[in-house]
Amino acid sequence: MQGGIEVVDSHTEGEPTRVVIDGWPMPTGHTVADRRDTMRTMQDDLRRAVVLEPRGHEAIVGALLVPADRPEAATGVVFFNDIGYLGMCGHGLIGVVRTLEHLGRITPGHVEIDTPVGPVGADLDRDGTVTIRNVPAFVHALDVSVHVPGIGTVTGDVAWGGNWFFLAHLPGESLTYERRRELVACTTRIREALHANGITGADGGEIDHVELLAPGEGGADARTFVLCPGAAWDRSPCGTGTSAKLAVLHARGQLSPDQRWVQESVIGSRFTGWLEGDGETLVPRVQGRAYITARATLHLDPADPFRYGLA
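Procedures and definitions
Residues numbered from 1 in each chain as written. Predicted model: local features only at pLDDT ≥ 70, side-chain atom pairs only at ≥ 80, totals over all residues. Heavy atoms only, no water. Helix = DSSP H or I, 4+ residues; strand = E, 2+ residues; numbered from the N terminus. Rg over C-alpha atoms; globule rule 2.2 N^0.38 Å. Buried < 20%, exposed > 50% of the residue type's maximum accessible area, 1.4 Å probe, protein only. Contact = heavy atoms within 4.5 Å. Phe/Tyr/Trp six-rings, centres within 6.5 Å; stacked < 30°, edge-to-face > 60°. Lys NZ or Arg CZ within 6 Å of the ring centre and 35° of its normal. Salt bridge = Lys/Arg side-chain N within 4 Å of Asp/Glu carboxyl O.

Participant: Help me understand the overall build of the protein chain in this model?
Facilitator: Each helix and strand counted, the protein chain has five helices and 16 strands in total. Expected size for 311 residues packed as a compact globule is a radius of gyration near 19 Å; at 19 Å, the protein chain falls within 12% of this value. If one aligns the C-alpha atoms of the protein chain with their principal axes, the spans along those axes are about 50 × 45 × 35 Å. Residues counted as buried form 56% of the 311 residues belonging to the protein chain. Within the protein chain, counting contacts between residues at least 6 apart in sequence, those at least 24 apart form 62% of the total.

Quick look at the structure:
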């Protein structure tokens, strides 16, 4: 493929999003989920080209704008990262909303967007704050214990917030930016132990996110470190991870609908989240800010041996 892929870059509370706006041949399919499947089976070289080195790095989450499933939705979106595809991405959705505003496609107010795992929405304030409405979140299992080599027994909760999470508190584990490499190693061991012991989400859903939590400071309810699929870690407090935590808190009787929860990342950025609804259907709302950082054309030179990224 010669020519260019047009992208707009942003970061949401420190975590980067790269939105593809042109140059990627539209994947076929009747739904956003179908188009994600086409991307996975027929266009994965473009995923690698957009987010991997030498043009990207492991922390970048890509987002391809595709036709929506619903007439009231402004767009559909498929999120992807350094190793594959995501069901939903909270920080990425905030970045997509700010990108659509930057492109003049939306103005402050409400916007509907379709994802492979269902419809979501967002409210864009005039000051740039974005509040997303995620897919419903729920708990699959509480107090799940697993033996982790080199660490010992770890007990946590399995919950869905748009992706599958294992959420745990490790006493004595300091969640700081300076310790990010140790935290990546620790959470990777936990995820490998979950896989080795057959611990999954509902219907065998792979748990590909591990979320460590510690008490918050300075007005934050909790500090978090999130391992994303692969070896990337979330610079933001993680939108789907915040959603999963809200579901756990509600299941434990520690959070009522509409009660605010402030979650802080290891770099000090924050999301405010709360739940709407009652009964079995709980819809997370997550609020944060994103900032446009670049608009660029990614060139794929046929003579470049690394045009599709460093696999």
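Participant: What should I look at first to understand the packing of aromatic side chains in this one?
Facilitator: According to the stated counting rule, one finds six aromatic pairs in the structure shown. Residues W24 and F80 carry aromatic rings whose centres are separated by 5.5 Å and whose planes lie at 50 degrees to one another, so their mutual orientation is tilted. Within this pair, whereas W24 is found in the loop between strand 2 (15-22) and helix 1 (32-42), its partner F80 is found in strand 4 (residues 75-80), the two being separated by 56 residues in sequence. With respect to burial, W24 and F80 carry one shared label: buried. Ring geometry for F138 and W164: centres 5.6 Å apart, planes at 85 degrees, overall edge-to-face. With F138 in strand 9 (residues 138-148) and W164 in strand 11 (residues 164-168), this residue pair connects regions lying 26 residues apart in the sequence. On the accessibility criterion, F138 (36% relative accessible area) is partly exposed. Sitting over the ring of W274, R260 keeps its end group 3.7 Å from the ring centre.

Participant: Got a minute to help me understand the pattern of salt bridges in this structure?
Facilitator: Any two side chains of opposite charge can pair, on the condition that their charged atoms come close. Scanning the model with the defined rule gives 16 salt bridges in all. Linking R40 and D37 is a salt bridge whose minimum nitrogen-to-oxygen distance equals 3.2 Å. Placement of the pair is R40 and D37 together in helix 1, with a separation of three residues, close to one helical turn. A relative accessible area of 35% means that D37 is categorised as partly exposed.

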